[in-house]
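Survey of secondary and tertiary structure
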Amino acid sequence: MQMIKSNDEARTVIVTGAAGGMGRECCRYFCQLGWHVLAVDHNKQRLESLSIFTDIKVLCIELEDIKLVAAVNEILD
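Along each chain, numbering runs from 1 in the same order as the chain's sequence is written. Only residues with pLDDT of at least 70 get local features here, since the model is predicted, and only at 80 or more are side-chain atom pairs given and counted; chain-wide, interface and lining totals rely on the full set of residues. Side-chain descriptors were evaluated using all non-hydrogen atoms of the structure, hydrogens and water having been removed beforehand.

**A few points about the overall build of the chain**
What the chain contains, in helices and strands, is three helices and three strands. Under the DSSP-based scheme used, a helix requires at least four consecutive residues in state H or I and a strand at least two consecutive residues in state E, with every element numbered from the N terminus. Walking the chain from its N terminus toward its C terminus, one meets helices and strands in the order β-α-β-α-β-α. In the chain, which comprises 77 residues, the proportion classed as buried is 32%. Surface accessibility follows the Shrake-Rupley procedure with a 1.4 Å probe radius. Residue values consider only the protein chains on display as shielding. Total accessible area computed for the chain in this model is approximately 5500 Å², and 53% of it derives from carbon and sulfur atoms. Using a 1.4 Å probe on the protein chains alone, a residue whose accessible area is under 20% of its type maximum counts as buried, one over 50% counts as exposed, and one in between counts as partly exposed.

In structure tokens:
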């Protein structure tokens, strides 16, 4: 079952916990729909495995890091 229908409009989603099982599947799902994905996780090694998908940018950072918002804004610009 497809929960979200894709359209011609480019969209971006931020997935936290992206290197884990559910996060990885969310990234894969949104990529299949043609969305741009920002994958955020603290585990660099597992996060790098997402590079097999197109339209994914990765950010290796802890969610508690005070630099998180600035880093996200920089990537999305």
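**Description of the side chain of Asp41**
Within the secondary structure, Asp41 sits in strand β2 (residues 36-41). For the purpose of counting charges, residues Lys and Arg are taken to be positive, whereas Asp and Glu are taken to be negative. His and the chain ends are not included. The salt bridge definition used is simple: a Lys or Arg side-chain nitrogen within 4 Å of an Asp or Glu carboxyl oxygen. Buried charge without a salt bridge: Asp41, with Arg46 as the nearest opposite-charge side chain at an N-O distance of 4.6 Å. N or O atoms closer than or at 3.5 Å make up a polar contact, with two conditions inside protein: a donor-capable atom paired with an acceptor-capable one, and, for residues adjacent in sequence, both atoms drawn from side chains. Looking at Asp41, its side chain comes within polar contact range of the main-chain nitrogen of Ala18, at 3.3 Å. Contact criterion: two residues are considered in contact whenever any of their non-hydrogen atoms come within 4.5 Å of each other. Beyond its immediate stretch of four places on either side in the chain, Asp41 contacts Gly17, Ala18, Ala19, Gly20, Leu47, Leu59, Cys60 and Ile61.

**A word on the pairing of β2**
Buried residues dominate β2, accounting for five of its six residues. A strand pair is defined by DSSP finding two or more bridges across the two strands. Pairing geometry for strand β1 (residues 12-16) and β2, over five bridges, is parallel. Along β2, the bridge assignment pairs Val15 with Ala39. Crossover β1 to β2 through helix α1 (residues 21-32) is right-handed. Every crossover in which the path from the first strand over the helix to the second runs clockwise, viewed with the strands pointing away from the viewer, is termed right-handed.

**A look at helix α3 (residues 68-76)**
Of the positions making up α3, those classed as buried are Leu68, Ala71 and Val72. Down the axis, α3 shows its buried residues gathered within 100 degrees of arc, on one side only. Residues of α3 that are exposed and point over 90 degrees away from its buried face: Val69, Ala70 and Glu74. Its buried side turned inward, α3 meets β1, β2 and β3 (56-60). Our arc is simply the arc of the directions from the helix axis toward the C-beta atoms.

**A word on the sheet that holds β1**
Strands sit in the order β1-β2-β3 across an open sheet of three strands; the sheet is parallel. Of all the strands in the sheet, the pair left with one neighbour each is β1 and β3. Here the average twist between neighbouring strands, direction ignored, is 20 degrees. Sheet contacts for α3: β1, β2 and β3; angle to β3, the most-contacted strand, approximately 160 degrees. Here an angle of 0 to 180 degrees is reported between the N-to-C directions of two axes, which are lines fitted to C-alpha atoms, with helices fitted over the stretch in contact.

**Comments concerning the packing of aromatic side chains**
Note on aromatic pairs: the rings of Phe, Tyr and Trp (six-membered ring only in Trp) are paired at centre separations within 6.5 Å, and the planes decide the class, stacked below 30 degrees, edge-to-face beyond 60, tilted for the rest. Under the counting rule described, the total for this entry stands at two aromatic pairs. Between Tyr29 and Phe30, the aromatic rings sit 5.6 Å apart at their centres with planes inclined by 70 degrees, giving edge-to-face as the arrangement. In textbook terms, an aromatic cluster arises when at least three aromatic residues are bridged by ring pairs, as seen for Tyr29, Phe30 and Trp35.

Spatial relationships are all this shows, so hold off on functional conclusions.
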